Amino acid sequence: MLYGTRWGLNPSIYTDANQGRQYLQENGAGTGIKVLAGTGIKVGDLFRLFNSDVAVTTLDTGVLTLGTDYFVYAVQQAGNIGFVLSANSTYPSGYSADTSRKIGGFHYGRVRTVAQAYDLTAALAVQVIPNSVWDLVHRPRCDDPTGMVEINKGLWMDIYLSSEDGTEWPSTIPKSRYNATPLTGTELYSYYDYQRLARNAGKRLPSYSEWLQAAWGDPEGASNAGARIATGGVGFTLPGGSPSSSQYYFVSCLNIDQPAGNLWQVCADFMDMYNGNTGANGAYANTSVDQGKSSQAQGSVYQQALKQLIAGGRWDYSAGAGARCANVSAAPWSVATGVGMRCVSDSL
């Protein structure tokens, strides 16, 4: 094992087994991560090559907390290189930008196993979410990789329903954050506006096929809360549930929070539905599409009954909300208080 070596022209992250492979993984116990053998890392002018896996559970301060994004830092420690976990996105407590380097991260949240698929009564573990672990070569392409999980090779999805970042429209960036109020038509967003929001995050809306993959294993049913609830089910008790907290309930086997039962989620799928008119031109007509946050004239759609698919089911859709739930009854210019969004990103 090499350590404390002054490093010159080599790349700053090196993996000998396969250049560019993933070098961080969950440690198998849900308590931290491991740096994989064969990884070489540079911090400042120090370099270390790790010939065996290195488990990392040390936090700079506090304890791992539900709903928090953590970062993995390589740090200089007495002429050597070690690792520290931190919720601080710049550098860990006790270090500086010169003595530390961010090399990845993960989300600490609820995990549903395959054995717990569709089980309303399952008590879900709170741990490092295995498919949320990212590093500098294995991560989503978007600028901010936090609050996401990999749902298929090369595809990442937001863990939580999108919430606003506080920036004014049209620059609002949708965030995947725990204990946040999910955005909907309550804030006057139309389905069309969700395309703009996703773009602002460097992401896109999922297809229904992608949403189905992510939602698998989520139990059927809705919150019956009377309105949207916070991401993570914070502060809400599921009526009649056992355990009673909704945060045990609304999680899929790919560890997506609230894929169903809180808000409908807009997907990328459009379809024009035949309305029964068999005339020469059917019942095609131009429809203005200026509804939503931007009320300026933006042209029209020549259609019979253009629809955009939404998935999941909202809070009062208890008979049908679930991991395959879909609805094609509304046009993409709709503004609806029970409809929100989540985003996906391709891999780097």
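The text that follows walks through the structure, step by step, so that each part is easy to find.

Parameters at a glance
- Residues numbered from 1 in each chain as written.
- Predicted model: local features only at pLDDT ≥ 70, side-chain atom pairs only at ≥ 80, totals over all residues.
- Heavy atoms only, no water.
- Helix = DSSP H or I, 4+ residues; strand = E, 2+ residues; numbered from the N terminus.
- Buried < 20%, exposed > 50% of the residue type's maximum accessible area, 1.4 Å probe, protein only.
- Pairing = 2+ DSSP bridges.
- Patch = residues over 30% accessible without salt bridge, like charges linked within 9 Å, V, L, I, M, F, W, Y side chains within 5 Å.
- Areas by Shrake-Rupley, 256 points an atom, 1.4 Å probe, with all protein chains shown as cover.
- Salt bridge = Lys/Arg side-chain N within 4 Å of Asp/Glu carboxyl O.
- Lys, Arg positive; Asp, Glu negative; His and termini not counted.
- Contact = heavy atoms within 4.5 Å.
- Phe/Tyr/Trp six-rings, centres within 6.5 Å; stacked < 30°, edge-to-face > 60°.
- Lys NZ or Arg CZ within 6 Å of the ring centre and 35° of its normal.

A short note on unusual backbone geometry
The bulk of non-glycine residues show a negative phi, and the bulk of peptide bonds are trans.
Argument step 1. Along the chain, Trp-169 connects to Pro-170 via a cis peptide bond; the corresponding omega equals 10°.
Argument step 2. Residue placement: Pro-170 occurs in the loop between strand 15 (162-163) and strand 16 (175-176).
Argument step 3. Residue Ala-78 is not a glycine yet carries a positive backbone phi of 50°.
Argument step 4. Checked against the element boundaries, Ala-78 lands in the loop between strand 8 (68-77) and strand 9 (80-86).
Argument step 5. Overall, Ala-78 belongs to the exposed group, its relative accessible area being 88%.
Argument step 6. The phi angle at Gln-258 is positive, at roughly 50°, despite the residue not being glycine.
Argument step 7. Here Gln-258 is to be found in the loop between helix 2 (208-215) and strand 17 (264-272).

What about the environment of Asp-143?
Argument step 1. Tracing the chain through its elements places Asp-143 in the loop between strand 12 (134-135) and strand 13 (148-152).
Argument step 2. Judged by its relative accessible area of 75%, Asp-143 falls in the exposed class.
Argument step 3. For Asp-143 and Ser-345, which are 202 residues apart along the polypeptide, the C-alpha to C-alpha distance reads 9.9 Å.

Overview of the pairing of strand 6 (residues 46-50)
On a regular strand, each side chain points to the face opposite its neighbour's, so the side chains alternate between the two faces of the sheet.
Argument step 1. With respect to burial, strand 6 is a largely interior element, five of its five residues being buried.
Argument step 2. Side chains Leu-46, Arg-48 and Phe-50 project from strand 6 onto one buried face, and the interleaved Phe-47 and Leu-49 project onto a second face that is buried too.
Argument step 3. Taking the residues between adjacent antiparallel strands as the criterion, strand 5 (residues 39-43) and strand 6 are bridged by two residues, where Gly-44 takes a positive phi near 60°.

Some details on a nonpolar patch on the surface
Argument step 1. A grouping of Val-114, Tyr-118 and Trp-216 is seen on the molecular surface, where their side chains present a nonpolar patch of about 320 Å² in accessible area.
Argument step 2. Exposure remark for Trp-216: the relative accessible area of 38% places this residue in the partly exposed category.

Section: the environment of Leu-124
Argument step 1. Structurally, the position occupied by Leu-124 is in the loop between strand 10 (100-111) and strand 11 (125-128).
Argument step 2. For Leu-124, a relative accessible area of 5% translates into the label buried.
Argument step 3. Taking the C-alpha atoms as reference points, Leu-124 and Tyr-249, 125 residues apart in sequence, are found 8.4 Å from one another.

Considerations on the side chain of Glu-26
Argument step 1. Among the structural elements, Glu-26 can be located in strand 3 (residues 24-26).
Argument step 2. The side chain of Glu-26 sits in the buried core without any salt bridge; Lys-34 is the nearest counter-charge, 7.6 Å away.
Argument step 3. Leave out the neighbours within four places in its chain, and Glu-26 touches Gly-32, Ile-33, Lys-34, Gln-127, Val-128, Pro-130 and Val-133.

Overview of the packing of aromatic side chains
Argument step 1. Scanning the entire structure with this criterion turns up 10 aromatic pairs.
Argument step 2. Judged by centre distance (5.8 Å) and plane angle (65°), the rings of Trp-169 and Tyr-189 are edge-to-face. Taken as a pair, Trp-169 in the loop between strand 15 and strand 16 and Tyr-189 in the loop between strand 16 and helix 1 (191-200) lie far apart in primary sequence, 20 residues in all. Grouping residues by exposure puts Trp-169 and Tyr-189 together as buried.
Argument step 3. Members of the aromatic cluster, joined through ring pairs, are Trp-169, Tyr-189 and Tyr-194.
Argument step 4. Between Lys-102 and the ring centre of Phe-71, over which it is positioned, the NZ or CZ distance is 4.6 Å.
Argument step 5. Lying across the ring of Tyr-189, Lys-293 places its NZ or CZ 4.8 Å from the centre.

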